[in-house]
Amino acid sequence: MAGHGRSAPRNVDHAQCTDSILQAIVARDLREFVLVGHSFGGTVVCKVAEKIPERIRRLVFLNAFILKDGDSLVDEIPPTHAALYDRLSTESGDRTVMIPFPTWRESFVNDADLELAKWTYSQLSPEPYQPCTDKLDLQKFYTLEIPRSFINCTEDIALPPGEWGWHPRMSGRLGVYRLVQMPGSHEVIYTNPALLAQKIVEAGRD
Amino acid sequence: MAGHGRSAPRNVDHAQCTDSILQAIVARDLREFVLVGHSFGGTVVCKVAEKIPERIRRLVFLNAFILKDGDSLVDEIPPTHAALYDRLSTESGDRTVMIPFPTWRESFVNDADLELAKWTYSQLSPEPYQPCTDKLDLQKFYTLEIPRSFINCTEDIALPPGEWGWHPRMSGRLGVYRLVQMPGSHEVIYTNPALLAQKIVEAGRD
Amino acid sequence: MAGHGRSAPRNVDHAQCTDSILQAIVARDLREFVLVGHSFGGTVVCKVAEKIPERIRRLVFLNAFILKDGDSLVDEIPPTHAALYDRLSTESGDRTVMIPFPTWRESFVNDADLELAKWTYSQLSPEPYQPCTDKLDLQKFYTLEIPRSFINCTEDIALPPGEWGWHPRMSGRLGVYRLVQMPGSHEVIYTNPALLAQKIVEAGRD
């Protein structure tokens, strides 16, 4: 995805993120596929779906943002989180955000041991902030009838459970949708990849 | 239950549903039994309990409606669901409701594969709508002291989680009650009958 | 803990509960330890942490009270529960509370069979009520930066789920914290001690 990966330039906006995924799909002429978005990736999945709905068999959101029409990602996180990300972005010098290790360890990989927590942190690179502050026109997304699923990891506290939680706050915006749940944190892709794979299959099947 | 089963006449009201269960109990002279109600069945369990409380050892509600005194079932589902059921009932010609397959597949048997989802749908027959719109006098129910349990299936989205969810919205009306939970959808009787049986035992024991 | 244990005098207040734990720690010169509090024990953990923060490696709350500054425990339970405890305390003659067996069986050990439920009840002794009504100054606690975890048992209905529930109501007051969940009731120490031990390790590790 544009702006992501260690060597990628960080000065990108949300439209460039979406375009990079669209190009990857079109270049391979992918059709009848299941498109999975995790966390910030949910915002990109929604915009990609607006552009090529006829190619997509099902959308799967894995504790992902499904924004209200007109909102940015930072509009939908707790004010204390938004203030932290604003500050980190300003201090970075290049408008990127790198979550501090203690927050990553407790709120993102709470189901990992310390060794795995440190290793996963070593794999991260700073996140471009502009795509998180771009307000998204999602009018078309909310008219689409592509089948959709939401995978909720029950110990995910990257968003605090309750008023600001992933589920049912985000999932509830999907209309008729399929719910799949699994134990684990926001980063089950690191902490339980085998079960995640199984749940993606359950979420993605017809 | 009156109005249910393929060949049963559909022009029944809630009182007739209750009476048919009462008659089945009295005809067999059942006593000291555990009475389990699922979904709509919860409304019938509450009325049966009012009539023969001395025979019932424990009530078990499996993601079931426990209505507020004076409400009908449709009073306690989301307005969008109520509007859909109203429309389906009107269009049916005989005041019955048959959930469309896509909704059944995603919201009722979300933990099934497509083959099982289709088979379960083939077992359904239209639901009489009158019993869902009858407002129930439940004053006596709320004075009963029969022990009670609530089984919550954690992926049940037949009612949307949160404000309109099964648990704790319905369960919380039971006063002192026993909570038992299991993974699965609204239709675990099809998707995980062995675990459901075990959970009914845990819910039903003294 | 002062006021607890069959032969202990019951006329104690919250400060005496805290002091007894502090004394046990200092007498053994414990350092770099993980301090676990369950239920009422959470209120004591918070006060102990204020006194010897430099000795504590991490705080673990197991479905425990984390009170708002200035509140007592009874300020933070449903009014119907508070009224019951007030009445039981008055009737006891010595300002203690003994939960009636039916409430214990359904709301505290809902995952036990009847035999285990009865045995656990036989192990209880009346709880001094004064520590539950003492309003606690927790200003310092809310400035501490000791790492902290919350273990939530997903079938715990000792506090009713939702508005008055343990999680995320109590856990959400911890700021950056680690969430660990497990199936079971408020009394998993009796009903699933092996899994609880494993979860305490997951909650307590760095």
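Reference entry: report on the structure contained in this document. (Residues numbered from 1 in each chain as written. Chains lettered and ligands numbered in written order. Predicted model: local features only at pLDDT ≥ 70, side-chain atom pairs only at ≥ 80, totals over all residues. Heavy atoms only, no water.)

### Some details on the overall build of chain A
Then comes step 1: Helices and strands together make up the secondary structure of chain A, namely eight helices and six strands.
Then comes step 2: Listed N to C, the secondary structure of chain A is α-β-α-β-α-β-α-α-β-α-β-β-α-α in terms of helices and strands.
Then comes step 3: Scaling as 2.2 N^0.38, a compact globule of 206 residues should have a C-alpha radius of gyration of about 17 Å, and chain A matches this with 16 Å.
Then comes step 4: When the backbone C-alpha atoms are referred to their principal axes, chain A occupies close to 40 × 35 × 35 Å.
Then comes step 5: Burial statistics for chain A: of 206 residues in total, 51% are counted as buried.
Then comes step 6: Put simply, chain A shows about 9000 Å² of open surface, and 56% of that area lies on carbon and sulfur atoms.
Then comes step 7: The average position of the 22 basic charges and that of the 27 acidic charges among the side chains of chain A differ by 4 Å. (Helix = DSSP H or I, 4+ residues; strand = E, 2+ residues; numbered from the N terminus. Rg over C-alpha atoms; globule rule 2.2 N^0.38 Å. Buried < 20%, exposed > 50% of the residue type's maximum accessible area, 1.4 Å probe, protein only. Areas by Shrake-Rupley, 256 points an atom, 1.4 Å probe, with all protein chains shown as cover. Lys, Arg positive; Asp, Glu negative; His and termini not counted. Charge placed at Lys NZ, Arg CZ, Asp CG, Glu CD.)

### What about the relation of the copies chain B and chain C?
Then comes step 1: Of the two same-sequence chains, chain B is brought onto chain C (RMSD 0.0 Å, axial shift 0.0 Å) by a rotation of 120°. Taken together, the turn and the small shift mark the pair as related by a three-fold rotation axis. It is Gly162(B) whose C-alpha, among those of chain B, lies nearest the rotation axis, at 5.4 Å. (Least-squares fit on C-alpha atoms with pLDDT ≥ 70 in both.)

### Regarding the environment of Pro126(A)
Then comes step 1: Following the sequence through the fold, Pro126(A) ends up in the loop between helix 5 (114-123) and strand 4 (127-128).
Then comes step 2: Those residues in contact with Pro126(A) that lie beyond four places of it in its chain are Arg10(A), Thr96(A), Val97(A) and Met98(A). (Contact = heavy atoms within 4.5 Å.)

### Comments concerning the packing of aromatic side chains
Then comes step 1: Following the criterion strictly, the structure yields 18 aromatic pairs over all chains and no others.
Then comes step 2: Between Trp119(A) and Tyr190(A) the ring centres are 6.0 Å apart and the planes differ by 85°, which places this aromatic pair in the edge-to-face class. Taken as a pair, Trp119(A) in helix 5 and Tyr190(A) in helix 7 (residues 188-191) lie far apart in primary sequence, 71 residues in all.
Then comes step 3: Overall, the relative accessible area of 45% leaves Trp119(A) in the partly exposed class.
Then comes step 4: When the ring of Phe101(B) is compared with that of Tyr121(B), the centres are 5.3 Å apart and the planes differ by 75°; the resulting orientation is edge-to-face. Of the two residues, Phe101(B) is situated in helix 4 (residues 101-108) and Tyr121(B) in helix 5 (residues 114-123); the sequence distance between them amounts to 20 residues.
Then comes step 5: Connected via pairs of aromatic rings, a cluster forms that spans Phe101(A), Trp104(A), Phe108(A) and Tyr121(A). (Phe/Tyr/Trp six-rings, centres within 6.5 Å; stacked < 30°, edge-to-face > 60°.)

### Digging into the interface of chain B and chain C
It is common to report an interface's size as the accessible area lost on association of the parts.
Then comes step 1: In this assembly, 11 residues from chain B lie in contact with 15 residues from chain C.
Then comes step 2: Across the chain B to chain C interface the summed buried area is about 1000 Å²; carbon plus sulfur atoms make up 51%.
Then comes step 3: Notably, a salt bridge pairs Glu106(C) with Arg58(B), separated by 2.6 Å at the nearest N-O pair.
Then comes step 4: Split by residue class, the side of chain B that touches chain C holds five nonpolar, two polar and four charged. (Buried area = accessible area lost by both parts, 1.4 Å probe. Salt bridge = Lys/Arg side-chain N within 4 Å of Asp/Glu carboxyl O. Nonpolar A, V, L, I, M, F, W, Y, C, P; charged D, E, K, R; others polar.)

### Here we look at the packing of helix 1 (residues 14-27) of chain A against helix 2 (residues 41-51) of chain A
Two numbers describe a pair of packed helices, the interaxial angle and the distance between the axes.
Residue and element names in this part refer to chain A.
Then comes step 1: One way to put it is that helix 1 packs onto helix 2 with a least axis distance of 9 Å and a crossing angle of 60°. The orientation of helix 1 relative to helix 2 falls into the category oblique. The two elements helix 1 and helix 2 cross, and the hand of that crossing is right-handed. From helix 1, His 14, Cys 17, Thr 18, Ile 21, Leu 22 and Ile 25 reach across to helix 2, where they touch Thr 43, Val 44, Lys 47, Val 48 and Lys 51.
Then comes step 2: Split into classes, the residues belonging to the contact of helix 1 with helix 2 amount to six nonpolar, three polar and two charged. (Axes fitted to C-alpha atoms, helices over the stretch in contact; angles between N-to-C directions. Parallel < 35°, antiparallel > 145°, perpendicular 65-115°, else oblique. Left-handed = near helix turned anticlockwise from the far one by under 90°.)

### Thoughts on the side chain of Asn110(A)
Then comes step 1: Along the chain, Asn110(A) turns up in the loop between helix 4 (101-108) and helix 5.
Then comes step 2: Reaching out from Asn110(A), the side chain makes a polar contact with the backbone oxygen of Glu155(A) at a distance of 2.9 Å.
Then comes step 3: Within polar-contact distance, the side chain of Asn110(A) engages the backbone oxygen of Leu179(C) at 3.0 Å.
Then comes step 4: Setting aside residues up to four positions removed in sequence, Asn110(A) forms contacts with Arg105(A), Glu155(A), Ile157(A), Ser185(A), Arg178(C) and Leu179(C). (Polar contact = N/O pair within 3.5 Å; in protein donor to acceptor, adjacent residues only side chain to side chain.)

### Observations regarding helix 8 (residues 193-204) of chain C
Residue and element names in this part refer to chain C.
Then comes step 1: For helix 8, built from 12 residues, the straight-helix expectation of 16 Å at 1.5 Å per residue is met to within 8% by its first-to-last C-alpha distance of 16 Å.
Then comes step 2: What helix 8 keeps buried is the set Leu 196, Lys 199, Ala 203 and Gly 204. Each buried residue of helix 8 sits inside an arc of 125° when the element is viewed along its axis, so together they form one side. In this structure, helix 8 carries Ala 194 and Val 201 as exposed residues pointing more than 90 degrees from its buried face.
Then comes step 3: Elements in contact with the buried residues of helix 8: strand 1 (33-39), strand 2 (56-64), strand 5 (148-153), strand 6 (178-182) and helix 7 (188-191). (Expected span 1.5 Å × (residues − 1). Arc of directions from axis to C-beta.)

### Observations regarding the pairing of strand 1 (residues 33-39) of chain B
All names here are of chain B.
Then comes step 1: Examined bridge by bridge, strand 1 and strand 2 (residues 56-64) share seven bridges and lie parallel to one another. The partner of Ser 39 across the bridge, within strand 2, is Ala 64.
Then comes step 2: Once you follow strand 1 into helix 2 (residues 41-51) and on to strand 2, the crossover reads as right-handed. (Pairing = 2+ DSSP bridges. Right-handed = clockwise from strand over helix to strand, strands pointing away.)

### Topic: the interface of chain B and chain A
Then comes step 1: Contact residues are listed per partner, giving 15 residues for chain B and 11 residues for chain A.
Then comes step 2: With both sides pooled, the region where chain B packs onto chain A buries about 1000 Å², and carbon together with sulfur makes up 50% of that total.
Then comes step 3: Our enumeration of links across chain B and chain A arrives at two salt bridges.
Then comes step 4: Inspection of the chain B/chain A interface yields eight residue pairs in polar contact (both at pLDDT 80 or more).

### With respect to the pattern of salt bridges
All names here are of chain C.
Then comes step 1: Here the structure, examined in full by the defined rule, presents 36 salt bridges over all chains.
Then comes step 2: The salt bridge involving Asp 206 is made with Arg 57; its shortest N-O contact spans 2.5 Å. Taken as a pair, Asp 206 in the segment after helix 8 and Arg 57 in strand 2 lie far apart in primary sequence, 149 residues in all.
Then comes step 3: Using a relative accessible area of 31% as the deciding quantity, one classes Asp 206 as partly exposed.
Then comes step 4: Between Glu 91 and Arg 87 there is a salt bridge; the shortest N-O distance is 3.2 Å. Taken together, the positions of Glu 91 and Arg 87, both in helix 3 (residues 79-92) and four residues apart, correspond to about one turn of that helix.
Then comes step 5: A relative accessible area of 54% places Glu 91 in the exposed class.

### So, the sheet that holds strand 6 (residues 178-182) of chain B
Residue and element names in this part refer to chain B.
Then comes step 1: Judged by pairing direction, the sheet is parallel, and its four strands sit side by side in the order 1-2-5-6 without closing on themselves. Both edges of this open sheet fall to strand 1 and strand 6, since each of them pairs with a single strand only. Between one strand axis and the next, the sheet turns through 20° on average, direction left out of account.
Then comes step 2: Docked against the sheet, helix 2 engages strand 1 and strand 2, running at close to 145° with respect to strand 1.

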